[in-house]
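Notes for the structure review
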Amino acid sequence: MKKGRDLFFFTTCRTLHKTPNSSNSITATAFHETMQSSDHNSSHSQRYSFNPTLNWNPQLHNYFINAYGSDHFSRISSALTRPSRYSCIRVNTLCSTSDAVIEKLRSTVKEKLNGSDCEDVDDAVNPLKEDLDSDSSLLFKCKIPGLDYVVFVWGSGPHHVDYGNVAPKEVIVSRKCAEAVLRGAQVYVPGIMACSAHVEKGDTVAVSVAIEQQGSDGGWSSGMTRGIVLQGSETDPYYLERNGLYIGQGTAMLSRAGMFRVTEGLGVDMKDRVYELHSFHNVLEGEIFLQNLPSIIAAHALDPQMGERILDMCAAPGGKTTAIAILMKDKGEVIATDRSHNKVLDIEKLAAELGLSCIKAFKLDALKSVSQRNDIDTCHNNATNDVKNQVSSNLQVERMSPLVTESFKTETLEENGKGEKAREGAYPSKAEIRKSMRRARNGPGRNQSGGGRVDISKGFEPDSFDRVLLDAPCSALGLRPRLFAGEDTIESLRSHAKYQRRMFDQAVQLVRPGGVIVYSTCTINPGENEALVRYALDKYKYLSLAPQHPKIGGPGLVGSCEFPDGYAEEWLRPGEEDLVQRFDPSSPLDTIGFFIAKFAVGSKDT
Ligand SMILES: C[S@@+](CC[C@H](N)C(=O)[O-])C[C@H]1O[C@@H](n2cnc3c(N)ncnc32)[C@H](O)[C@@H]1O
């Protein structure tokens with residue numbers, strides 16, 4: 001990309017700090033003392049607060065301002081730093097109902113959130129809420145037609161946390177750990193980066209987050225060596241940077257020494273949180289699944305019917321796959337593919353947990369989803385030599401894409417870490433066989449989840465699916481809470497867009513005429529959303545945007561964007577905006593940033 005001239009003007013954002021009020025009637029000394037003490041209180045409360053600002057790459061910042069306008073983007077950016085103030089539960093309607101789940105959760109949820117201030121949350125999720133009696137006010141059934149299998153659980157925040165008047169003992173956690181804590185998780189030992197001296201088990205500690213900073217070499221890191229001793233003074237690493245980045249306080253479950261000696265377990269039991277959200281870890285397993293509302297809507301928009309053959313192209317961990325299977329009442333065939341071996345195991349685990357048998361998960365690179373002629377020949381060769389196990393219920397896959405399930409074969413076909421497959425289709429060397437035998441003796445190693453086998457597909461026949469969901473890998477710039485975005489650049493966003501188009505090209509070939517494609521992302525980037533729609537409609541004349549049900553997201557972006565290097569991005573054209581759903585994190589629905597487009601596939605002969 002050309003440097004220098006920028007197409008968009010820069011807008012500098014300033015954070016306004018409140019100054020303490022003074023009274024005219026106060027004496028000079030008292031005024032001085034009051035000001036000193038209020039200065040101290042004010043700076044103390046500003047420091048020990050949660051008021052993060054998301055820092056963007058300047059070019060990206062300008063791009064988003066161009067797309068959304070300065071005020072709107074600032075609201076989006078701020079919304080991204082905090083979690084949605086409610087949890088969304090999808091009920092497995094094959095074994096339970098929303099009412100039964102609400103009844104079972106009522107006591108736990110009440111115990112947890114009783115007494116918290118939920119008024120602002122009420123406003124935030126009001127568009128979704130049924131008028132229920134106050135007794136059940138923390139749990140409610142979704143009122144969107146057709147989505148009564150969704151249950152919302154109120155959380156609350158931001159809360160003022162009282163860290164005391166003197167500098168508290170502290171624990172600093174990694175950014176990812178902090179994002180999880182803001183969603184309701186506890187602080188586990190691996191997430192702890194630093195701790196004050198003399199912290200003993202049972203001490204109250206303030207928890208703050210170390211966000212990545214840019215080094216002189218341009219790279220990003222938290223700049224913190226794990227185990228560092230905090231003095232509670234400005235000499236602490238990133239002391240100033242952690243101003244306003246306190247996410248709550250809790251009880252140390254280990255002494256300082258213990259925190260850096262053990263490798264797992266609870267480090268801090270969070271007692272007062274800036275955001276209170278219920279954690280549903282291990283709760284009603286098999287009966288419920290915690291999922292963002294837009295993700296549930298994406299599966300619903302696909303409108304899968306019983307008996308159909310559906311492809312979920314980038315399926316792991318299987319949230320939408322299982323939503324689709326349940327909508328089909330577990331009747332038909334849901335093929336779920338992902339390029340990661342371990343993630344395919346996750347899909348299988350989730351399907352088993354939810355008792356779904358119509359899901360078949362395969363390891364497959366979505367860029368190679370359409371089977372090639374020579375794959376058929378290779379497959380037949382492999383079939384005679386290697387294939388131990390084929391999925392007999394899937395005749396098409398059996399014929400076109402025999403599945404390799406022998407363990408050494410699976411492992412030698414693992415990706416090489418750069419998203420490329422190592423010598424796919426080649427026979428294993430003696431070294432690989434030795435390695436495989438060694439693994440069989442010693443266990444799977446830490447990168448293999450339990451060493452489970454997965455089925456590998458070589459792709460599927462064109463026009464062989466009724467519906468295809470492409471929930472594409474993306475920049476994820478809609479996920480909340482997000483405390484860091486510095487590494488994303490115009491170039492990285494463009495490369496996501498390129499990758500998504502190539503996947504979409506595969507999806508188009510796989511769906512039959514008369515079928516449906518749903519494309520979704522969890523990013524606010526129009527280049528991966530509206531621009532993909534434009535690409536699809538311009539390239540494939542037989543595709544048209546189809547109305548979606550339910551439709552609660554906002555309209556898409558109409559317009560275009562030209563970059564200094566000549567790259568142009570066209571978004572939607574007038575009339576198309578209401579046919580997509582764009583979930584805006586700053587809107588009253590308070591969801592993650594998400595995008596859904598649904599395409600009807602016409603006759604491919606035209
Ligand atoms: C947005 S996540 C999918 C989430 C999933 N649909 C759900 O609702 O649970 C994107 C997934 O795409 C997978 N992925 C990335 N590149 C891929 C490729 N080339 N082929 C297949 N899967 C890919 C990633 O492993 C990741 O699991």
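Since we're looking at a predicted model, the values are computed, not measured.

It is worth spelling out the overall build of the protein at this point. Counting secondary structure elements, the protein contains 16 helices and 24 strands. Evaluated residue by residue, the protein yields a buried proportion of 53% over its 606 residues. Contacts in the protein between residues at least 24 apart in sequence constitute 79% of all its contacts with a sequence separation of at least 6. In the structure as shown, the protein presents an accessible area of about 27,600 Å², 49% of it carried by carbon and sulfur atoms.

We now examine the site of the ligand. Not every one of the 18 residues close to the ligand is listed here, only the nearest: Asp-338, Asp-365, Ala-366, Asp-471 and Tyr-499. Contact between the ligand and Pro-317: an oxygen atom at 3.4 Å from a main-chain N or O atom of the residue. At 2.7 Å from a nitrogen atom of the ligand is found a side-chain nitrogen or oxygen belonging to Asp-471. Expressed as a share of its isolated accessible area of 600 Å², the protein-covered part of the ligand is 87%. Of the residues belonging to the shell around the ligand, the class tally is 10 nonpolar, two polar and six charged.

One can find Arg-480 in the loop between strand E18 (465-471) and helix H15 (490-510). Polar contacts involving the side chain of Arg-480 include one to the main-chain carbonyl oxygen of Pro-585, which spans 3.4 Å. With residues up to four places along the chain from it excluded, the contact list for Arg-480 reads Ala-79, Leu-80, Arg-82, Pro-83, Ser-84, Arg-183, Pro-585, Asp-590, Thr-591 and Ile-592.

Turning to the pattern of salt bridges, a few remarks are in order. With the rule as written, the count across this model stands at 23 salt bridges. Put simply, Glu-170 and Arg-242 hold a salt bridge, and the shortest N to O gap is 3.1 Å. With Glu-170 in strand E4 (residues 170-174) and Arg-242 in the loop between strand E10 (228-230) and strand E11 (246-252), the pair connects residues that are 72 residues apart, well separated along the chain. The pair formed by Glu-170 and Arg-242 is uniform in burial state, with each residue classed as buried.

Bringing the nonpolar core into the picture now. Counting residues in hydrophobic clusters, the biggest one holds 62 residues, and the most contacted among them are Leu-147, Val-150, Phe-152, Leu-293, Ile-324, Ile-359 and Ile-596. Take this core: its biggest share by element is seven residues, from helix H8 (residues 293-302). Setting aside its immediate chain neighbours within four residues, Ile-596 contacts Pro-294, Ile-297, Ala-298, Ala-301, Val-518, Tyr-519, Ser-520, Gln-548, Val-580, Gln-581 and Phe-583. By size, the runner-up hydrophobic cluster in this structure holds 37 residues, among which are Val-508, Tyr-542, Leu-572 and Val-580.

Burial analysis of helix H9 (residues 319-327) places eight of its nine residues in the buried class, which makes it a mostly covered element. Those residues of H9 that sit buried are Gly-319, Lys-320, Thr-321, Thr-322, Ala-323, Ile-324, Ala-325 and Ile-326. Within two residues after H9, Lys-329 carries a phi angle of roughly 55°, on the positive side.

With that out of the way, let us pick up the UniProt feature "active site" (unreviewed entry) in the protein. Per the UniProt entry, the sites bearing "active site" (unreviewed entry) are Cys-522 in this numbering. Summarising the element assignment, Cys-522 is placed in the loop between strand E19 (511-521) and helix H16 (530-539). Assessed through its relative accessible area of 16%, Cys-522 is described here as buried. Setting aside its immediate chain neighbours within four residues, Cys-522 contacts Cys-474, Ala-476, Leu-477, Gly-478, Leu-479, Ile-592, Gly-593 and Phe-594.

The next subject is H15. In this model, H15 (21 residues) spans 31 Å end to end at C-alpha, consistent with the 30 Å of a helix rising 1.5 Å per residue. Residues of H15 that are buried: Ile-490, Leu-493, Arg-494, Ala-497, Gln-500, Met-503, Phe-504, Asp-505, Gln-506, Ala-507, Val-508 and Leu-510.

Looking at the protein, the domain boundaries give domain 1 (170-273) and domain 2 (292-371 + 454-601). Each of domain 1 and domain 2 was reduced to a C-alpha centroid, and the two centroids are 36 Å apart. Contacts between domain 1 and domain 2 engage nine residues on the former and seven residues on the latter. Here domain 1 packs against domain 2, burying approximately 730 Å² in sum over the two surfaces, 75% of which is carbon and sulfur. The interface formed by domain 1 and domain 2 includes zero salt bridges. In this structure, the connection of domain 1 to domain 2 is made through one residue pair in polar contact (both at pLDDT 80 or more).

Time to look at the packing of H15 against H16. For the pair H15 and H16, interaxial distance at closest approach is 10 Å and the crossing angle is 40°. Judged by the inter-axis angle, H15 sits oblique to H16. Along this stretch, H15 crosses H16, giving a crossing that reads as right-handed. Only Ala-531, Leu-532, Tyr-535, Ala-536 and Lys-539 of H16 make contact with H15, whose side of the interface consists of Gln-500, Arg-501, Phe-504 and Asp-505. A class-by-class count of the residues in the contact of H15 with H16 yields five nonpolar, one polar and three charged.

Thresholds, definitions, all that
Residues numbered from 1 in each chain as written. Predicted model: local features only at pLDDT ≥ 70, side-chain atom pairs only at ≥ 80, totals over all residues. Heavy atoms only, no water. Helix = DSSP H or I, 4+ residues; strand = E, 2+ residues; numbered from the N terminus. Buried < 20%, exposed > 50% of the residue type's maximum accessible area, 1.4 Å probe, protein only. Contact = heavy atoms within 4.5 Å. Areas by Shrake-Rupley, 256 points an atom, 1.4 Å probe, with all protein chains shown as cover. Near = heavy atom within 4 Å. Polar contact = N/O pair within 3.5 Å; in protein donor to acceptor, adjacent residues only side chain to side chain. Nonpolar A, V, L, I, M, F, W, Y, C, P; charged D, E, K, R; others polar. Salt bridge = Lys/Arg side-chain N within 4 Å of Asp/Glu carboxyl O. Core = buried A, V, L, I, M, F, W, Y, C linked by side-chain atoms within 4.5 Å. UniProt positions renumbered as here; feature names shortened; annotations may be inferred. Expected span 1.5 Å × (residues − 1). Domains from an automatic or database assignment. Buried area = accessible area lost by both parts, 1.4 Å probe. Axes fitted to C-alpha atoms, helices over the stretch in contact; angles between N-to-C directions. Parallel < 35°, antiparallel > 145°, perpendicular 65-115°, else oblique. Left-handed = near helix turned anticlockwise from the far one by under 90°.

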